[in-house]
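Each chain, written out:
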Amino acid sequence: MQKRKIFLLSACALLLLICILQAVLLNKSSVKTFTLKEEPDRLTIENGGNTILLAKSGDEWVVGDSKYPANSANVDSVVNAVKSVKVLDRVGSASSEASKIRYDLTDSKKVTVTAFAGDKELRKITVGKASSTGSQGYIMIDGSNDVYLASGNLNSIFGKSISDLRSNSVWTLEKNMIGSVSIKKADGTEWKVSREGQAENMTWKIDGHGIVTGEVDGQKAESWFGEFATLTASSWEEDSASPAGTYLLTCEVEAGGKTVALDLFQTKEEKDDQPAEYSASSTETPYTFDLASYSARKFLKNPEELLK
């Protein structure tokens with residue numbers, strides 16, 4: 001009886017050891033992270049025969065040969081994805097054309113991202129298709145023919161156009177520093193709202209030509225001023241384009257001693273529940289841009305709406 005008990009206990013211990021070893025082997029991770037030690041200051045993205053340049057200008061990134069200001073969120077996602085690449089497993093080799101076709105690593109479908117610091121090449125990532133889950137993708141890295149399954153949909157991150165990477169910001173002002181907004185319309189109507197003082201001692205004033213004047217409602221006016229703190233284009237026109245459509249007005253916003261201006265044009269009238277469309281030019285950018293109807297609405301304000 002004693003021998004049988006010892007045998008059973010030994011067998012249990014052996015089974016426990018086997019289970020522990022299996023768990024360790026199963027959980028052994030093949031994940032590898034390729035991390036850059038240097039900070040890139042220039043990247044090229046080659047996609048479908050086109051090459052996009054991203055470059056540092058001072059502390060900011062610019063896009064393309066025209067050096068458009070970059071959309072910081074999208075550029076940061078590209079730069080971070082280049083600096084740290086997490087691969088889950090090696091899945092094959094792209095030494096044959098059949099393998100390249102399998103993973104969309106052919107010249108017509110791949111996206112190639114190259115990072116530089118000065119003239120030094122830091123990293124090259126060749127990106128193929130996303131996996132069936134969409135949360136991973138197939139890549140080659142630093143000139144190797146090894147194909148890896150990488151974490152993240154890098155095709156989506158890197159496969160962006162200049163429009164995706166370009167900032168749509170026209171201006172950004174300090175809301176509390178806006179002192180006046182003036183509107184000059186094509187029909188000759190002119191009006192201006194201004195404020196002086198702070199908090200309880202703030203006074204509001206409206207005056208103009210061709211409008212009904214009266215006592216300004218401070219809350220309405222302050223809310224309207226706040227709408228001018230940021231202006232964002234819905235899209236950009238060609239670099240050499242001039243605003244199209246019917247000229248509507250010129251708006252000037254004074255904030256902290258600086259005045260920014262915008263000329264607004266209507267390119268399409270509202271019709272059948274479709275909103276009107278607008279284009280504009282501004283002193284804050286050399287490029288003509290389109291404005292969404294909701295963004296143009298603040299410029300088209302009826303001054304009587306700001307009165308008590």
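Before reading further, recall that the structure is shown in the block above.
Conventions and cut-offs
Residues numbered from 1 in each chain as written. Predicted model: local features only at pLDDT ≥ 70, side-chain atom pairs only at ≥ 80, totals over all residues. Heavy atoms only, no water. Salt bridge = Lys/Arg side-chain N within 4 Å of Asp/Glu carboxyl O. Helix = DSSP H or I, 4+ residues; strand = E, 2+ residues; numbered from the N terminus. Buried < 20%, exposed > 50% of the residue type's maximum accessible area, 1.4 Å probe, protein only. Core = buried A, V, L, I, M, F, W, Y, C linked by side-chain atoms within 4.5 Å. Contact = heavy atoms within 4.5 Å. Phe/Tyr/Trp six-rings, centres within 6.5 Å; stacked < 30°, edge-to-face > 60°. Pairing = 2+ DSSP bridges. Arc of directions from axis to C-beta. Polar contact = N/O pair within 3.5 Å; in protein donor to acceptor, adjacent residues only side chain to side chain. Axes fitted to C-alpha atoms, helices over the stretch in contact; angles between N-to-C directions.

Moving on: the pattern of salt bridges. Taken as a whole and judged by the stated rule, the model has 10 salt bridges. A salt bridge links K308 to E215, with the shortest nitrogen-to-oxygen separation between them at 3.1 Å. Placement of the pair is K308 in the segment after α7 (293-296) and E215 in the loop between β14 (203-209) and α6 (218-226), with a sequence separation of 93 residues. Of the residues examined, K308 reaches a relative accessible area of 67% and is grouped as exposed. Among the salt bridges present, the one from K301 reaches E305, with a minimum N-O distance of 3.7 Å.

This brings us to the nonpolar core. Grouped together as the largest cluster of nonpolar side chains are 37 residues, with contacts concentrated most on W171, V253, L262, L264, F289, L291 and F299. Residue contacts for L264: discarding those within four places in its chain leaves T246, Y247, L248, L249, Y278, S279, A280, L291, A296, F299 and L300. Within the second largest apolar cluster, 30 residues are counted, among which are I45, I52, I141 and F158.

Next up on the list: the packing of aromatic side chains. Under the defined criterion, the tally for this structure stands at 11 aromatic pairs. Taken together, a centroid distance of 5.1 Å and an interplanar angle of 75° make the contact between W204 and F225 edge-to-face. Taken together, the residues W204 in strand β14 and F225 in helix α6 connect sequence positions 21 residues apart. Of the two residues examined, W204 and F225, each falls in the buried class. Between W224 and F225, the ring centres sit 6.1 Å apart and the planes meet at 50°, which makes this aromatic pair tilted. F225 shares its class with W224; the two are buried.

Let us now look at the sheet that holds β14. Read from one edge to the other, the open sheet built from eight strands follows the order β14-β13-β12-β17-β18-β19-β20-β16, with strand pairing classed as antiparallel. Where the open sheet ends on each side, the last strands, each with one partner, are β14 and β16 (235-236). Pairing analysis gives seven bridges linking strand β12 (residues 178-185) to strand β17 (residues 246-255), with the strands arranged antiparallel. For I183, the partnering residue across the bridge sits in β17 and is C251.

This part is about the environment of A221. By secondary structure assignment, the location of A221 is in helix α6. The class of A221 is buried, set by a relative accessible area of 0%. Put simply, A221 and L307 are 86 residues apart on the chain and 8.4 Å apart in space, counted from C-alpha to C-alpha. Excluding residues that lie within four positions of it along the chain, A221 makes contacts with W204, V216 and L306.

Take unusual backbone geometry next. Phi is positive for D104, close to 55°, though the residue is something other than glycine. Among the structural elements, D104 can be located in the loop between α3 (97-102) and β7 (111-117). Its identity as a non-glycine residue notwithstanding, D272 has a phi of 50°, on the positive side. For D272, a relative accessible area of 63% gives the class exposed.

The subject of this paragraph is α6. Within the sequence span of α6, burial applies to A221, W224 and F225. The buried residues of α6 occupy one face: seen down the axis, they fall within an arc of 100°. Contacts from the buried residues of α6 go to β12, β13 (190-196) and β14. With a side-chain oxygen positioned 3.1 Å from the backbone nitrogen of Q219, the residue opening α6 is D217.

Right, let's talk about the sheet that holds strand β2 (residues 42-47) for a bit. The 10 strands are arranged β1-β6-β10-β9-β8-β7-β2-β3-β4-β5 in an open sheet whose pairing can be described as antiparallel. Either end of the sheet is taken by a strand with one partner, and the two such strands are β1 (32-35) and β5 (68-69). As judged from the six bridges shared by β2 and β7, these two strands associate in the antiparallel manner. Considered in β7, the bridge of T44 is made with T114. Along the sheet, helix α2 (residues 72-83) contacts β1, β2, β3 (50-57), β4 (60-63), β6 (84-93), β7 and β8 (120-130); its crossing angle with β6, the most-contacted strand, is approximately 60°.

Keep in mind these numbers describe shape, not what the thing actually does.
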